[in-house]
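Here is how the chains run, residue by residue.
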Amino acid sequence: MDSQTTAVPELTLGRINTPPAQTWNYLRTNDVTLTVPRHSRAGDVYFALPRLFEGIECGVGPDATAWVESQASDARYVEVRAGERREEPIVVSGMDTGVMVRAGAEATVVVCMPSTDAIPAGIGTSGSEADGINTSAALVRIIAERDAHVSVLEFVAANEGWQHIESVGIVADDRARIDVRQFFLGAGTTVAGLACSLNGHNARFDLSCRYLGRGDDRLDINHVIRMRGKNGRTNVSESGVLDDRARKTLRATIDLVHGSAGSEGSELENVLVLSDDVTNKTMPVILCDEDDVAGNHGATIGSIGPEQIQYLRDRGLSLEEAENLYVRALFDDALIAAPNTTVRAAVVERATEVLGAELANDLVEALGLDRKGE
Amino acid sequence: MSERTRKRTQVADVDRSLYDFTYSEEGYERYDDGLTPDIVRSISAKKDEPDWMLQMRLAALDTYHAKEMAPNWGPSIAGLDMDHISTYVSPKTKQAKDWDDVPDDIKTTFERLGIPEAERESLAGVGAQYDSEIVYHNMREEVAKDGVIYTTIEDALHDPQWEPVVHEYFGKLIPPADHKFAALHYAVWSGGSFVYVPAGVKVEYPLQSYFRLNAEGAGQFEHTLIIVEEGADLHFIEGCSAPKYYEANLHAGAVELFVKDRARLRYSTIENWSKNMYNLNTKRARVAADAKMEWVSGSFGSHVSYLYPTTILAGDRSSCEFSGITFAGATQDLDTGCKVILNGADTTASVDTKSISKDGGCNTFRSSVVVGRGAANARASVSCQSLMLDDISRSDTIPAMDVRNATANVGHEATIGRISDDTVLYLMSRGCSEAEARTMVVGGFANPVSKELPLEYAVEMNNLIKLEMEGAIG
């Protein structure tokens, strides 16, 4: 759907990104509330996904997921046949997307929210001239059958004029392997929720989430990994850079459900805080209902140490240049992971906004690309 | 990976015979169950309080009725019905300074708990509360000569020198509107301790208050107010126990601790309430510049606990350490942890907690570390380790961090697991039996907390845990 400038009815969505276990309400960490547009679908025929997708837990929670469903232009069901290795990525566009990866198959799912005004991806993009904020959303639910291997790549690289809601739900059967890479590089508000349930035995889930918050960006992330089958493995790694007046909340829950004997889950977050006006909230949770398991989590939150700064100064780098190194490394990583020219172009454009044209050019040249990501 | 069949550690339950004895309430003064303004007025009148305290109680009662419990909070307290709780039960005795003046049944109770012996051997002063009133209070003369005040809140309120001090500090750190059970506490509080340590005085031996709730279907609402002046040093120990009943009991105490510039306060708690107890206690410390707050906490009893001691590091270079262990057995759901607020520059906080879950017991560790904008160079680390001893128990870890200063450094780590077979095998290869090996592992797990206690209390804690390893049964 193209962006619009006419006012549409609005809806206040509460309890988005609510984690399974909650902390003190006064910390204002338990959930997030957003005002979103509500397009009427009266009279439309909506072709829903097959029923088996309905029960999949999505990271943003049931209310927000239902809203995205209600705003989606259509539903799209993609099936990767048993044993097939699908080379072409499944790109999640303006539809409620369900992906079935059959036994032993391999597939890559891409969700991208570029920064250009012409939004090719996202659901229910809309806005009003009054507040100048546009809204986009993406919803994808994935079923990975036994021995399937699914890679999920998420990119949010918009400017401050956008609020974006991204919801992902995954279930994995025996020995299925799920690799997720998330790059949250910008948007006035990014609300991203991912839930993965390792239902089968010996299933594996790896998540790398990298984020950047600057200006008045608001970033709200919820990761929920339910380990239900035996001998599952989960590794979650989050790292990010926060500057200016950015506000970030990360909730990461590893739920070792009764029956998940032999499973191990670990989660680690590293946050680099570059400004005293930043608000950084982190809530790493382990829920454990099984004894023969191992759960670990850790978090480090801080700035560049004085010794590190001195080291870099000795080599001719100013503090700003040193800080830019961290940001540049983030964009580097995103560009390397970007699966196609559309995503690369979005990352380059966002890098130009954040780092300036010169550094962005350095980035693309180092990778042998042009500014269109080709 | 093939499925593994692993042996499980069998750990005996806490031996509660030491604590599960009761005496008749015959002759006791017991107010009606429930919560009314008349009951609040009666408590206040009995204590002959200043009017400001009565007004505070009545306002808190209104707050209690007006406040709702958060619907998304912790273990259920649905079994707690204030219409079936008496908020004031008092034995027919006056406060004594000599154990010989304490009624026989009460004296026997505290003797069985080892309080008079501990007082003789290692304490600077003791307060003993039985149900709603302090029945014994004493302090060594040499400590009193240094100007240390250790008395009840009630007595301090009747002393013209200390009434203004109580008025200045009481309810300031934990306001009645803090939460529903703080409001309840301020409406019906009774007993507890007032401690004042003058500037520069270092109290060599600990002071201890012991709280015993004997009555069935009753609540205990003691208030502890401690002021440690500049450069002073104090170790305060709090012990609590109750016999088991099938009717719900309630403990909703409040502890307010003021640690002034360069002072140090260690606050140790061994809590062993019975398994019909709802332990909804609130503790808070405010720490001034260059001062240090140390918490040592052992939580073993109660049916449900909400317990999160809070430290406000208000002054520059102030610090706190929190060491805690929680043991949840059958029918227990213990929601414990701590909160640290770092507001001063160069403040440091260290949190190290352990939990053990067995026989279907549930442990939840919660923490919050909040670093304010003014807390330049603040450092905080939180470590939480949980040991699961069977597959019907539960252990959750729910930390939260809110950092608003770029120069702060905050770290958190948590692990949940069981006793490693490799560790047991290693110890067995060096001559230990399997039971001995497992005992050593669990003992070592609890050791970082027990070593923080004076020897007598470390022994009590180890007795409480009573980790008798009885071999491995699948």
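Residues numbered from 1 in each chain as written. Chains lettered and ligands numbered in written order. Predicted model: local features only at pLDDT ≥ 70, side-chain atom pairs only at ≥ 80, totals over all residues. Heavy atoms only, no water.

1. A few points about the packing of helix α9 (residues 421-429) of chain B against helix α10 (residues 434-450) of chain B
All names here are of chain B.
Now for step 1: Contact geometry of α9 with α10 gives a least axis separation of 9 Å together with a crossing angle of 120°. Judged by the inter-axis angle, α9 sits oblique to α10. Considering only the axes of α9 and α10, their crossing is right-handed. Residues Asp421, Thr423, Val424, Leu427 and Met428 of α9 lie in contact with α10, whose contacting residues are Glu434, Ala437, Arg438, Met440 and Val441.
Now for step 2: Taken together, the residues that form the contact of α9 with α10 break down as six nonpolar, one polar and three charged. (Axes fitted to C-alpha atoms, helices over the stretch in contact; angles between N-to-C directions. Helix = DSSP H or I, 4+ residues; strand = E, 2+ residues; numbered from the N terminus. Parallel < 35°, antiparallel > 145°, perpendicular 65-115°, else oblique. Left-handed = near helix turned anticlockwise from the far one by under 90°. Contact = heavy atoms within 4.5 Å. Nonpolar A, V, L, I, M, F, W, Y, C, P; charged D, E, K, R; others polar.)

2. Quick look at the pairing of strand β10 (residues 162-172) of chain A
Residues and elements named next belong to chain A.
Now for step 1: In terms of burial, β10 is a largely internal element, eleven of the eleven residues being buried.
Now for step 2: Residues Trp162, His164, Glu166, Val168, Ile170 and Ala172 of β10 are buried on one face, and the alternating residues Gln163, Ile165, Ser167, Gly169 and Val171, pointing to the opposite face, are buried as well.
Now for step 3: Where strand β8 (residues 134-144) lies against β10, eleven bridges are found, and the strand directions are parallel. Of the residues in β10, the one forming a bridge with Ala144 is Ala172.
Now for step 4: One ladder, built from ten bridges, connects β10 with strand β12 (residues 189-198); its direction is parallel. Note on β12: the bridge partner recorded for Val171 is Ser197. (Buried < 20%, exposed > 50% of the residue type's maximum accessible area, 1.4 Å probe, protein only. Pairing = 2+ DSSP bridges.)

3. A look at the domain arrangement of chain A
Residue and element names in this part refer to chain A.
Now for step 1: Under the domain assignment used here, chain A contains domain 1 (10-303) and domain 2 (305-374).
Now for step 2: When each unit is reduced to the centre of its C-alpha atoms, the spacing between domain 1 and domain 2 is 25 Å.
Now for step 3: Listed as interface residues are 26 residues of domain 1 and, on the opposing side, 20 residues of domain 2.
Now for step 4: Across the interface of domain 1 and domain 2, roughly 1900 Å² is buried in total on both sides, 67% from carbon and sulfur atoms.
Now for step 5: At the boundary of domain 1 and domain 2, one finds three salt bridges.
Now for step 6: Arg181 is paired through a salt bridge with Asp333; the nearest N and O atoms lie 2.9 Å apart.
Now for step 7: Inspection of the region where domain 1 meets domain 2 yields five residue pairs in polar contact (both at pLDDT 80 or more).
Now for step 8: Mapped onto the side of domain 1 that touches domain 2, the elements with two or more residues apiece are β6 (106-113), β9 (149-157), β11 (177-186) and β13 (204-213).
Now for step 9: The leading source of residues in the side of domain 1 that touches domain 2 is β11, at four residues.
Now for step 10: Taken together, the residues that form the side of domain 1 that touches domain 2 break down as 17 nonpolar, five polar and four charged. (Domains from an automatic or database assignment. Buried area = accessible area lost by both parts, 1.4 Å probe. Salt bridge = Lys/Arg side-chain N within 4 Å of Asp/Glu carboxyl O. Polar contact = N/O pair within 3.5 Å; in protein donor to acceptor, adjacent residues only side chain to side chain.)

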